[in-house]
Structure formats: structure tokens, C-alpha cells
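Now for the letters of each chain:
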Amino acid sequence: MKNILKLVASCTFIACLSLYSDMGTVPVNAKEPIRVGSQGAKTIEDAIEKANEGDTIIIPKGEYKEQISVETDGLTIVGEDGAVLEGSKITPTSSDDSMIYVCASDVTIENLEIRGFTLNKPSGSVAPKGICVDEGSQNVTIKDCEIHDMGCKYSKKSDDYNAHGILVDGSLKEPTKNITITNCEVYGLRLGNSEAVVVNGNVEEFEISNNKVHDCDNIGIDAIGFEKSTKDDRDRARAGKIFNNVVYNISSKENVTYDDACADGIYVDGGKDIDIYDNYVENCDLGIEIATEHKGVVVEDIRVNNNTVVNGGLAGISIGGYDAKKTGAAKNCVITNNTIYNTKGACFLVQFACDSSNKFQKNLLIAENKADAYEEACKDKSRGNDVSDNLSNQEFKGAKAVKAEFGSADRESGTATIISYSDLSGYGSAKTVVKNK
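Predicted model only: the values in this text are computed from it and were never measured.

J.: I'm lost on the sheet that holds strand β42 (residues 432–436) in this one. Help?
T.: Paired through backbone hydrogen bonds, the strands of a sheet run either parallel or antiparallel to each other. Taken in spatial order, the 3 strands make up an open sheet running β40-β41-β42, and their pairing is mixed. Strand pairing shows two members of the sheet lacking a second neighbour, β40 (404–410) and β42, which therefore form its edges. Adjacent strand axes in the sheet meet at a mean angle of 25° when their direction is disregarded.

See the structure below:
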């Protein structure tokens, strides 16, 4: 009898593991999940109210016309394939402008589609968000989510439009820590003055990885500092990693809050101690920008390595604030082993950055059509950086001229093919395919 009981218990345990593996996340010390539509939980919000710390909520396939708020620690919310939060019939308000709001710790949001949540007129207080992680939250993971076709519906030219796909916010009261945004797709967003995926303010130890961000009318991925205070060094995204993302078709050209096309694929605006590596960026107004828009402060300790930038806008990679009198400088920013192709503007643009701690080395620059390989936009305020040991098809101080031209790009693999008549070994990104002639 004891052996039979052991066998039954073992089979039950294996069956439970099989159930959780089909859903995605397997919680530690897994309890029976709460399934929306049963167990007295008619809606997602019902399930959240019913849940306790450590619970998993399963959202079956279907459309859910509701906003959800997660303020209980330790919850895992997993959508089955085809689970959609449909926001097209929901009006965002100043007190409730997120489809998913998280103000809690040890929370996972997984495999949900969010769409249609739109602001139909200018507003100084309402900014639609797909997912908002609010100040003080810790150990939050957003994974395998699809956020698209939402944001602002422009009715007239105005600066009062803002929206986000994913916003992680931190206040000076307490940091938001250990945030992971991974394997999500964010696209088709009308953002006004804002960003598709952003960590803003007192946010530390974050990871933005393996995402696809595309076809948005403002910045793709952003790490921001000093919007709340330029006098408190805590008010900046820091100690983070942005890697293995694919970002493309990012432009503010049709955005009514802008007069020109100047949206970044990846942007660090006043952040500190951030690694940006192994990303593929294509067809953005600026590929990767390291700067600060606030006077009297610096963007610092940013490492940009092994990225592939295939561009056609103002710059492939840019460093420093756009105006030496109005913005801040860059220090200790190291840009190495990137492959940058551009057809107008510059491959590498130096703005308000004039410190020898800034290094631009081992990069491969291919400038074609009207593009320059290298540009200093702020005269003396763009000089003094360590620009050395690069390769370029246009010679400039800090780069050896090579005979090379752009061949093709492959977004799926994140590679750029360069046709070369010279040895390019040791320069550019690891995903550069060199075809020697």
C-alpha cells in the first residue's frame, strides 16, 4: 500500500510539472494556479484580488477589455497564447492610464498581448501606457509580451501628447530595482514626446534584452536621468544592461510634437553605468545616442560595444548633449568595436563631449552617399576625446582609411555584410560579415 501511495504522489507531481511547463513560468513551491474564468474569478482583476503572495494567475486565450492593477507582492501573471488585453474601448484617465499597473515586488508579467489603448486628444496629465512599473517596485520581470498599435491619436499639433509601451519609473523616495524586460515585441506606437520602452529616474540594476522594438514615432529604448531633479544623483537610470535587442524604423518625422526627424533607436539621456551591447539598430533617425538634455550634469560611465548600426539618419552613434550652452556633457563613455553604416549625416557624431575619458576605438565606419564618417558639431566642445585606432572608408584623424563598402544587412540575424579590399580583423562588431575581394 505504501508503494502505491508513493507511485500516485510521484505521478501527481510529474503531472503538475507538465501543466506548468505548458504555461511557461514554473513558480518555486508552486501552488495550484488561479485560472481566470473559474474558481470564482470571472475577470483578471477578480483573480488578482483573490490571489495571495506566491500565487500564479493564468489568463486563457481571449480578449479582455479591462485594465489590471498588481499591488500584491509575489504574483506571476501568465497569459496563454492568444490572451489579449484590448484597450480600444477604454478611455485613459489621469488616475488610470495603464493597461497593466505594477506597484509591487517579485512580480512576473508573461505572454500577454496589449493593444488599442489610445489617447484621442492632447493632455498634460494623461499618458497611455501598455505596462507601468511604478516607484519602489523590485524584482519585476516583463517577458514575452506583445504591445502594439496604441498611444496617441493626433488631432492637432501640440506638445501635450505622451505615451509609452513599457514605462519603469523611479522616484527620489525609493529606488525601483532589479527590473527585467525581455523577449517582448513593441511596435506601432504613437508616442508624442515619450518613448516606447523606458526606465526613468531612480531605477537601478535593470536589464532590457532580446526585445524587438520597431515602427514607432519616437525613441525605441531609453534610459533617462535628471527629469525630476538635476541636483540629486539618484535621479538617473543606472547599473543597467541593454543588449541583444533589434530596433528598427524609429522616426519622429510624422510626430506632431516634433519639427524634424530626431528619434533614437537606443538612447541614454543622463544615465550612468550602463552597458549597451550586441544590439542591431536599423533605419532610425539616430541609431544610438549617449547624451543628457539637462545643463550642469553629465552622462557618464556608458559602454557601447559590439553593436551593428545600419542607418540613414542624423547619426549612427552620437555622444554628448546637442547644445553646449543648454545641455550636459559626456564623461567616461567608451564606444568600441561597433559597425556603423550611414548614408547621410554622420556615422559617428560628437556633440557636447570634450573629455579624454571618452574613447572611440576599434570601430568600423562605412559612410556612403552624402554621409560623413566623423563629425564634430560643437567645435571646441566636441574635441579632446580619445578617438583613435578605428577603420573607415573615409580617412579622418583617429581612423585609418580602408577600401570597403556596404553590402547588405540581415535584420533576422543582426548582421551587416561589408565588402572589403582590406583586412578588417579586430574592428567592428562580431556580427559583421566581411566578404574580401
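J.: Explanation requested: the packing of aromatic side chains in the structure shown.
T.: Geometry of an aromatic ring pair is reported as the spacing of the ring centres plus the angle between the planes. The full count for this structure, using the stated rule, is 6 aromatic pairs. Judged by centre distance (3.6 Å) and plane angle (5°), the ring pair of Phe-348 and Phe-360 falls under stacked. In this pair, Phe-348 is assigned in strand β33 (residues 346–350) and Phe-360 in strand β34 (residues 359–361), connecting sequence segments 12 residues apart. Residue Phe-348 is classed as buried on the basis of its relative accessible area of 3%. The exposure class of Phe-360 is buried, given its relative accessible area of 1%. Ring pairs connect the aromatic residues Phe-348, Phe-360, Tyr-374 and Phe-396, which therefore count as one cluster. Sitting over the face of the ring of Tyr-421, Lys-403 holds its NZ or CZ atom 4.5 Å from the ring centroid. It is Arg-411 that lies over the ring of Tyr-248; its NZ or CZ is 3.7 Å from the centre.

J.: Quick question: what am I supposed to make of the nonpolar core here?
T.: Side chains of a nonpolar character, in soluble globular proteins, are inclined to be buried together. Ranked by internal contacts, the top residues of the largest apolar core, which has 90 residues, are Ile-131 and Phe-206. In this structure, Phe-206 is in contact with Ile-179, Val-199, Ala-223, Ala-237, Arg-238, Ala-239, Gly-240, Lys-241, Ile-242 and Ile-274, ignoring residues within four places of it in sequence. Of all hydrophobic cores here, the second largest spans 15 residues; its members include Ile-366, Val-402, Ala-416 and Ile-418.

J.: It is not clear to me how the confidence of the model for the protein should be interpreted in this structure. Could you clarify?
T.: The predicted coordinates should not be examined in detail at positions where pLDDT is low. Put simply, the protein has an average pLDDT of 93, and 93% of its residues get 70 or more. Counting interchain partners and residues more than four positions distant, the pLDDT-below-50 stretch residues 1–23 has 12 contacts.

J.: Whenever I open this one, the pairing of strand β27 (residues 298–305) confuses me. Can you help?
T.: Remember that side chains alternate between the two faces of the sheet whenever the strand is regular. Where strand β24 (residues 272–277) and β27 come together, 5 bridges link them in parallel fashion. Its bridge partner lying in β27, Tyr-277 is registered against Asn-305. Sheet topology places β27 next to strand β30 (residues 329–331); 3 bridges connect them, and they run parallel. When the bridges of β30 are listed, Val-298 appears paired with Ala-329.

J.: What's the story with the pattern of salt bridges in this structure? I'm lost.
T.: Two side chains bearing opposite charge may form a pair once their charged atoms approach each other closely. For the coordinates displayed, the defined rule picks out 20 salt bridges. Salt-bridge contacts for Asp-97 lead to Lys-129; the nearest nitrogen and oxygen are separated by 2.9 Å. Of this pair, Asp-97 sits in the loop between β6 (83–86) and β7 (98–102) while Lys-129 sits in strand β11 (residues 129–133); the two residues are 32 residues apart in sequence, bridging distant segments of the chain. By relative accessible area, Asp-97 is classed as buried at 11%. One salt bridge in this structure joins Asp-232 and Arg-234, with 2.7 Å as the shortest N-O distance. Accessibility expressed as a relative area gives 18% for Asp-232, which makes it buried. Through salt bridges with shared partners, a single network forms among Glu-63, Lys-65, Glu-86, Glu-113 and Arg-115.

J.: What am I meant to see in the side chain of Thr-257 here?
T.: Relative to the assigned elements, Thr-257 resides in the loop between β22 (246–250) and β23 (264–269). On the basis of relative accessible area, Thr-257 is assigned to the buried category, the value being 10%. Looking at Thr-257, its side chain comes within polar contact range of the main-chain oxygen of Gly-192, at 3.4 Å. Reaching out from Thr-257, the side chain makes a polar contact with the side chain of Asn-255 at a distance of 2.7 Å. If we skip the residues at most four places from it in the chain, Thr-257 touches Ser-158, Asp-159, Tyr-161, Gly-192 and Asn-193.

About the criteria used
- Residues numbered from 1 in each chain as written.
- Predicted model: local features only at pLDDT ≥ 70, side-chain atom pairs only at ≥ 80, totals over all residues.
- Heavy atoms only, no water.
- Pairing = 2+ DSSP bridges.
- Helix = DSSP H or I, 4+ residues; strand = E, 2+ residues; numbered from the N terminus.
- Axes fitted to C-alpha atoms, helices over the stretch in contact; angles between N-to-C directions.
- Phe/Tyr/Trp six-rings, centres within 6.5 Å; stacked < 30°, edge-to-face > 60°.
- Buried < 20%, exposed > 50% of the residue type's maximum accessible area, 1.4 Å probe, protein only.
- Lys NZ or Arg CZ within 6 Å of the ring centre and 35° of its normal.
- Core = buried A, V, L, I, M, F, W, Y, C linked by side-chain atoms within 4.5 Å.
- Contact = heavy atoms within 4.5 Å.
- pLDDT = per-residue confidence, 0-100.
- Salt bridge = Lys/Arg side-chain N within 4 Å of Asp/Glu carboxyl O.
- Polar contact = N/O pair within 3.5 Å; in protein donor to acceptor, adjacent residues only side chain to side chain.

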